[in-house]
Amino acid sequence: MSSDKPMLSVLRGEQSRIPPLWLMRQAGRFLPEYRALRAKSGSFLEFCYSPAAAAEATLQPIRRFGFDAAILFSDILVVPDALGQTVGFESGHGPRLAPLEGEAPLSGLREEIDLEKLAPVFETIERVKGALPRETAFIGFCGAPWTVASYMIAGHGTPDQAPARLFAYRRPEIFEALITRLVEASVAYLLRQIDAGVEVVQIFDSWAGVLPPTQFERWVFEPLRDIVARVKKARPQALVIAFPRGAGAHLRRCVEGLGADGVGLDTAADPASAARDAQNRVALQGNLDPLALIAGGAALEKEVASILTAFQGHRHIFNLGHGVLPQTPVEHVEMLVRFVREGRS
């Protein structure tokens, strides 16, 4: 390995017999120490903007599991918050935003992201980077424009993103203006994260899979490609992972055309097929079913072995196909770490 950080080496083009390992939502409600920390805080957004608390949440899974990467504890909706949209979180109901509606739905938004409002996030990064083990990579992130826009338009999460999809069909010029503004905001936000100390940035497009092909191209692929290109042009040392969840038939296009160093695979993606498509042009990340992690035992061991076998000889970062679920037993995560690092393939 050319780097003492295995994850960075894989993203830069090297293969590893034992893949680097981290988990989406590895800092969160399944950890008792996180629940204790969260109980001392106010709203979830206040928690994200508390550098001491957010740094501690970022570091907790590294101390407990020794993952190969830490991911910044924050939320994708700090971007609309910093664009001037009212954002809150209701216990048991998730995010609540003032929906974009009316004749001039973008009139209440800033033209540019207020990075000063996000200063606590950058302070969190500075706190974490000095506390990480030498071999642990540090990941920052943002939500992709399509996914963030879906929350901004509906005002909350929806099962099929129908409000945003209808908006894009009915008012394409305004929707394009919103996507453009989110591309600009995302680039500025990621660059500041990199300058503060993260080494990798991941762009989460959690709802990419709900769009038909022409809409996927316009609202998912093109904005993702634009963000990746602009981040890498401005900060050539930065490494970028794109995670277009549910990309399915578009996966090869994402691998070949986004320009990212890594592409995340969701649970439904076939690892062997994805590895053949990628041909080691990018690192592939994923894609254990979070429910297999809850199941544990022989089922977990079998699924881990299957994924490791599929990616043998390829650049691979072991992860889930989506985030850790709150009911996941801590001991099953410990089991997963053992299975991956013992090379159960």
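In this text the structure is predicted, and so the values were computed from the model without any measurement.

Visitor: Report on helix α7 (residues 145–154), specifying residues and quantitative values.
Guide: Within α7, ten of the ten residues are buried, which leaves it mostly tucked inside the rest of the structure. Where α7 terminates, the next one or two residues include Gly-155, which has phi positive at roughly 90°.

Visitor: Lay out the sheet that holds strand β9 (residues 316–320) with the relevant residues and their values.
Guide: On the basis of which strands lie adjacent, the open sheet formed by seven strands has the order β1-β4-β5-β6-β7-β8-β9 and parallel pairing. The sheet is open, and its two borders are formed by β1 (69–71) and β9, each paired with just one other strand. Averaged over all neighbouring strand pairs, the angle between strand axes comes to 25°, with direction disregarded. Looking at chain direction, strand β8 (residues 283–288) and β9 are connected through five bridges and run parallel. Counted as the bridge partner of Gln-285 is Ile-317 from β9.

Visitor: Outline the pairing of strand β4 (residues 137–143), listing residues and values.
Guide: Across the seven residues that make up β4, a large majority, seven, are buried. Alternating positions in β4 separate into two faces, Ala-137, Ile-139, Phe-141 and Gly-143 on one and Phe-138, Gly-140 and Cys-142 on the other, with burial throughout. One ladder, built from three bridges, connects β1 with β4; its direction is parallel. Bridging from a neighbouring strand, Ala-69 pairs with Ala-137 of β4. Across five bridges, β4 lies against strand β5 (residues 200–205) in parallel orientation. Paired with Gly-143 across the strands is Phe-204, a residue of β5.

Visitor: Would you mind going over the UniProt feature "site: Transition state stabilizer" (unreviewed entry) in the chain in detail, with residue names and values included?
Guide: If you check UniProt for "site: Transition state stabilizer" (unreviewed entry), the listed places come out as Asp-75 in our numbering. Looking at the element boundaries, Asp-75 is found in the loop between β1 and α5 (78–82). On the basis of relative accessible area, Asp-75 is assigned to the buried category, the value being 17%. When neighbours within four sequence positions are excluded, Asp-75 is seen to be in contact with Phe-44, Cys-48, Phe-89 and Phe-141. Polar side-chain contacts of Asp-75 include one of 2.9 Å to the backbone nitrogen of Leu-77.

Visitor: I'd love a proper account of the packing of helix α2 (residues 32–39) against helix α4 (residues 51–65), names of residues and values included.
Guide: Contact pair α2 / α4: the axes reach a minimum separation of 10 Å and the direction vectors enclose 170°. Our classification of the angle between α2 and α4 gives roughly antiparallel. Residues Pro-32, Glu-33, Tyr-34 and Leu-37 of α2 touch α4, and the partners they reach there are Ala-53, Glu-56, Ala-57, Gln-60 and Arg-64. Class assignment for the residues of the contact of α2 with α4 results in five nonpolar, one polar and three charged.

Each value, and the rule that gives it
Residues numbered from 1 in each chain as written. Predicted model: local features only at pLDDT ≥ 70, side-chain atom pairs only at ≥ 80, totals over all residues. Heavy atoms only, no water. Buried < 20%, exposed > 50% of the residue type's maximum accessible area, 1.4 Å probe, protein only. Helix = DSSP H or I, 4+ residues; strand = E, 2+ residues; numbered from the N terminus. Pairing = 2+ DSSP bridges. Axes fitted to C-alpha atoms, helices over the stretch in contact; angles between N-to-C directions. UniProt positions renumbered as here; feature names shortened; annotations may be inferred. Contact = heavy atoms within 4.5 Å. Polar contact = N/O pair within 3.5 Å; in protein donor to acceptor, adjacent residues only side chain to side chain. Parallel < 35°, antiparallel > 145°, perpendicular 65-115°, else oblique. Nonpolar A, V, L, I, M, F, W, Y, C, P; charged D, E, K, R; others polar.

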